[in-house]
Amino acid sequence: MKTIKPIKKTNDFEEVAIALCLATMTLLTFANVIARYIFNDNIVWALELTVFLFAWLVLMGMSYGIKKNIHIGVDVIVNIASARFKKILALTVVVICLIFAIILLISAWQYWYPFISSRAFLEADDIPMPEMLQFLSYLFNDSERYTKLPLFIPYAALPLGALLLIYRLVQQFILILQNKADGVISSFIAEKE
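Residues numbered from 1 in each chain as written. Predicted model: local features only at pLDDT ≥ 70, side-chain atom pairs only at ≥ 80, totals over all residues. Heavy atoms only, no water.

Student: Looking at this model, I keep getting lost on the side chain of S63. Mind explaining?
Tutor: One can find S63 in helix α2 (residues 46-68). The exposure class assigned to S63 is buried, which follows from its relative accessible area of 0%. Among the polar contacts listed, one links the side chain of S63 to the backbone oxygen of M60, at a separation of 3.0 Å. Those residues in contact with S63, other than ones at most four positions away along the chain, are E14, L164, L165 and R168. (Helix = DSSP H or I, 4+ residues; strand = E, 2+ residues; numbered from the N terminus. Buried < 20%, exposed > 50% of the residue type's maximum accessible area, 1.4 Å probe, protein only. Polar contact = N/O pair within 3.5 Å; in protein donor to acceptor, adjacent residues only side chain to side chain. Contact = heavy atoms within 4.5 Å.)

Student: Can you walk me through a nonpolar patch on the surface in this structure?
Tutor: A cluster of nonpolar side chains, contributed by V74, V76, I77, F85 and I88, occupies part of the molecular surface with about 510 Å² of accessible area. Mapped onto the elements, I77 comes out in helix α3 (residues 76-80). (Patch = residues over 30% accessible without salt bridge, like charges linked within 9 Å, V, L, I, M, F, W, Y side chains within 5 Å. Areas by Shrake-Rupley, 256 points an atom, 1.4 Å probe, with all protein chains shown as cover. Salt bridge = Lys/Arg side-chain N within 4 Å of Asp/Glu carboxyl O.)

Student: What's the story with unusual backbone geometry in this structure? I'm lost.
Tutor: Trans is the prevailing form of peptide bonds, just as negative phi is the prevailing case for residues other than glycine. Notably, N40 is not glycine yet its phi reads approximately 55°, a positive angle. As for its placement among the helices and strands, N40 is situated in the loop between α1 (6-37) and α2. Overall, N40 belongs to the exposed group, its relative accessible area being 72%. Despite not being glycine, S143 has its phi angle at roughly 65°, a positive value. As for its position among the elements, S143 is in the loop between α5 (135-140) and β2 (148-150).

Printed below as a string of structure tokens:
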């Protein structure tokens, strides 16, 4: 029996989730444009779902950017520093980013937790509740069926995105310590004309 490493699962989750968000946003927006301009109709919940999917895309994209080393930054000082000082700077940057990510996670949890507990009855304005998710009404809404999507589902992007960011930053910290990575930003050398 083949085992899958947790890192592989996280990589796959991030990539598939980001791709699904982007594809769904694109198809939904296209379908809504067709509905409006050809059939003079509207998909009522399309805009709200697109906004929520965009939030998921951005919040998961933060950690994916760390993984792929595609975040950009100013590296003037880093480029003139010695190899040892570069490593110290890179580790310092990761620690500062980790502090930010931990603060983000704490704040995201404090914001999201009431939506899964005392405010679990709050629903999105237009997005209908999929029948396959109605089991959530028994867990969080005193068995009262949801008519619209409960807000704790789209708002879960906040703590999940922060958690993934912390995971990737810790991973990057270890890679820098092992001299397998230079830092958390892409380094682009400007071409001289």
